[in-house]
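Chain by chain, the residues:
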Amino acid sequence: MPDGIQEDTVEKNHRFTLRWKVMLALSALFIALGTCVDWSPSQDDSLPDTSSFLVILGVLLGCAGLVTATRR
């Protein structure tokens, strides 16, 4: 295998690894913020609760990170 192609593959794998690690770290942060911080109630009743929104966002981002990790 030519050296340039192997370097491109290594760089691509490094980017994927970095991407799913950042996604999982952000998802853990969002879930922690949603469960540990006491958010004041929103002024508008049509908006979702901040805690539940952050937990749902964290779960979705965590799932996307896991899918990215397994798609190598």
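Scroll up for the structure.
We now turn to the structure provided with this report. What you see is a predicted model, and the numbers here were worked out from it, not measured in a lab.

### Here we look at the overall build of the protein chain
For step 1, the next point in the chain: Helix and strand counts for the protein chain come out as two helices and zero strands.
For step 2, the next point in the chain: In terms of overall dimensions, the protein chain is more spread out than a globule: its C-alpha atoms have a radius of gyration of 18 Å, far above the 11 Å expected for 72 residues.
For step 3, the next point in the chain: With the C-alpha coordinates aligned to their principal axes, the bounding extent of the protein chain is approximately 60 × 20 × 15 Å.
For step 4, the next point in the chain: Here the protein chain, with 72 residues, has 12% of them falling under the buried criterion.
For step 5, the next point in the chain: Put simply, 71% of the contacts in the protein chain that link residues at least 6 apart link residues at least 24 apart.
For step 6, the next point in the chain: Of the accessible surface of the protein chain, which amounts to about 5,700 Å², a share of 64% is contributed by carbon and sulfur atoms.
For step 7, the next point in the chain: When the 6 basic and 8 acidic side-chain charges of the protein chain are each reduced to a single mean position, those positions are 14 Å apart.

### Let's talk about the pattern of salt bridges
For step 1, the next point in the chain: Inspection of every chain in the model, using the stated rule, returns one salt bridge.
For step 2, the next point in the chain: A salt bridge links arginine 15 to glutamate 11; the shortest N-O distance between them is 3.5 Å. Residue arginine 15 and its partner glutamate 11 are both found in helix H1 (residues 3–36); the two are separated by four residues, about one turn of the helix.

### Let's talk about the side chain of serine 51
For step 1, the next point in the chain: As for its position among the elements, serine 51 is in helix H2 (residues 50–70).
For step 2, the next point in the chain: Assessed through its relative accessible area of 18%, serine 51 is described here as buried.
For step 3, the next point in the chain: Beyond its immediate sequence surroundings of up to four residues, serine 51 is in contact with Gly34, Val37 and Trp39.

Calculation criteria
Throughout, residues of each chain are indexed from 1 in the direction in which the sequence is written. Where totals are concerned, whole chains, interfaces and linings use all residues; where local detail is concerned, this predicted model gives features only for residues with pLDDT of at least 70, and gives and counts side-chain atom pairs only at 80 or more. The side-chain numbers reported here are obtained from all heavy atoms of the structure, hydrogens and water having been left aside. To qualify as a helix, a DSSP run of H or I must reach at least 4 residues; to qualify as a strand, a run of E must reach at least 2; elements of each kind are numbered from the N terminus. Throughout, radius of gyration means the C-alpha value; the globule benchmark is 2.2 Å times the number of residues raised to the power 0.38. Only protein chains enter the accessibility calculation, which uses a 1.4 Å probe; a residue is then buried when its area is under 20% of its type maximum, exposed when over 50%, and partly exposed in between. Should any heavy atoms of two residues lie within 4.5 Å, those residues are counted as being in contact. Methods summary: accessible areas were calculated by the Shrake-Rupley approach with a probe of 1.4 Å, and residue burial reflects only the protein chains presented. Asp and Glu count as negative and Lys and Arg as positive, but His and the ends of the chain are not part of the count. Lys charges are placed at NZ, Arg charges at CZ, Asp charges at CG and Glu charges at CD. Think of a salt bridge as a Lys or Arg side-chain nitrogen and an Asp or Glu carboxyl oxygen that are within 4 Å of each other.

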